[in-house]
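# Inside the fold
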Amino acid sequence: WDTKIGKSMDRAEAITLIEAIRAGQAEGPMVEVKTARNQLPKRLYEALSAFANHMGGGFVVLGIDESVGFGVTGVQDVQRVLKELSDLSSLMTPPLRLDPLVVEIDGRSVIVAEVPECPYDQKPCHLTEAGINSGSYIRVGNTNRRMTDYEIFTYVSGRGQPTFDREIVA
């Protein structure tokens, strides 16, 4: 799924995304689906981190169940799930500011949240309480993987202007 960076998704685009997920019956490198019928999944921070660290970001779609052929199960307590999503997004470093959209599909509410890519100098995005080493994730195919120490080092060392040219040569 491709979208213009910095442009909020509209209802038609959200519905098109959901239809594409259902037709292909698959997640992808930029899409994570979760059931979230009554509450936010416990480990959703992994997807938030992974998409924020992924080129182009990604989409979290709540109210679709992968285990039943990507059927729409809907989110029953929309306000609660939206609040939990907002709270979780604020617990990330750097904090993520999502603008989720609620759409009706087959008479059920589905939440679509676009997770923007973090600026390079603020990566890796991670769950603050877990720390940078345990709370940083990347997207590999349709999975979220914890970043290795080397991957974290690569982001952190690339944050500033290199100064090796100022070092004294022996």
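From a predicted model like this one, the values you see are computed outputs, not experimental measurements.

How each quantity is defined
- Per-chain numbering applies: the sequence of each chain, read as written, is numbered from 1 onward.
- Where local features are concerned, this predicted model is filtered to residues with pLDDT of at least 70; where side-chain atom pairs are given and counted, the filter is 80 or more; whole-chain, interface and lining totals use all residues.
- As a convention, hydrogens and water are excluded, and side-chain values are obtained from all of the structure's heavy atoms.
- Here, the term nonpolar core denotes a set of buried Ala, Val, Leu, Ile, Met, Phe, Trp, Tyr and Cys residues that are joined through side-chain atoms within 4.5 Å.
- The buried label goes to any residue with under 20% of its type's maximum accessible area, the exposed label to any with over 50%, and the partly exposed label to all in between, with areas taken from a 1.4 Å probe on protein chains only.
- Working definition: helices are DSSP H or I runs of at least four residues, strands are E runs of at least two. Numbering for both runs from the N terminus.
- The contact rule is simple, with two residues in contact once any of their heavy atoms fall within 4.5 Å.
- Put simply, a salt bridge is a Lys or Arg side-chain nitrogen that is within 4 Å of an Asp or Glu carboxyl oxygen.
- Only the six-membered ring of Trp is used, alongside the rings of Phe and Tyr, when aromatic pairs are assigned; centres must lie within 6.5 Å, and planes under 30 degrees apart are stacked while those over 60 apart are edge-to-face, with the rest tilted.

## Overview of the nonpolar core
Core analysis: the biggest nonpolar cluster contains 27 residues, and Leu-48, Val-60, Leu-62, Leu-96 and Val-115 have the highest contact counts within it. Every element with two or more residues in this core is listed here: helix H2 (44-52), strand S2 (58-62), helix H3 (78-90) and strand S7 (108-115). Considering every element that reaches this core, the biggest residue donor is H2, with seven residues. Setting aside residues no more than four positions away along its own chain, Val-60 makes contact with Glu-32, Leu-44, Ala-47, Leu-48, Phe-51, Ile-111, Val-112, Ala-113 and Val-115. The next biggest cluster of nonpolar side chains, apart from the first, holds 17 residues, and it includes Leu-17, Val-31, Val-61 and Val-72.

## Some details on the pattern of salt bridges
A complete count under the given rule lists seven salt bridges for this structure. Among the salt bridges present, the one from Lys-34 reaches Glu-32, with a minimum N-O distance of 3.1 Å. Judged by its relative accessible area of 6%, Glu-32 falls in the buried class. One salt bridge in this structure joins Arg-80 and Glu-84, with 2.9 Å as the shortest N-O distance. With Arg-80 and Glu-84 both in helix H3 and four residues apart, this pair spans about one turn of that helix. Taking the relative accessible area as the measure of exposure, Arg-80 reaches 38% and is therefore partly exposed. By relative accessible area, Glu-84 is classed as partly exposed at 22%.

## Quick notes on unusual backbone geometry
With an omega dihedral of -10°, the bond running from Thr-93 to Pro-94 counts as a cis peptide bond. For the peptide bond that leads from Lys-123 to Pro-124, omega is 0°, which places it in the cis range. Within the secondary structure, Pro-124 is located in the loop between S7 and strand S8 (126-127). Unusually for a residue other than glycine, Asp-106 sits at a positive phi of about 50°. Looking at where Asp-106 falls in the secondary structure, it is placed in the loop between strand S6 (101-105) and S7. Residue classification places Asp-106 among the exposed residues on the basis of a relative accessible area of 56%.

## Section: the packing of aromatic side chains
Counted according to the given criterion, the structure contains two aromatic pairs. Seen from their ring centres, Tyr-45 and Tyr-137 are 6.1 Å apart, and the 70° between their planes marks the pair as edge-to-face. Placement of the pair is Tyr-45 in helix H2 and Tyr-137 in strand S9 (residues 137-140), with a sequence separation of 92 residues. The same class applies to Tyr-45 as to Tyr-137, namely buried. Relative to Tyr-155, the ring of Tyr-120 lies with its centre 5.4 Å away and its plane at 55°, an arrangement referred to as tilted. Placement of Tyr-120 in the loop between S7 and S8 and of Tyr-155 in helix H5 (residues 149-157) is noted, with a sequence separation of 35 residues between them.

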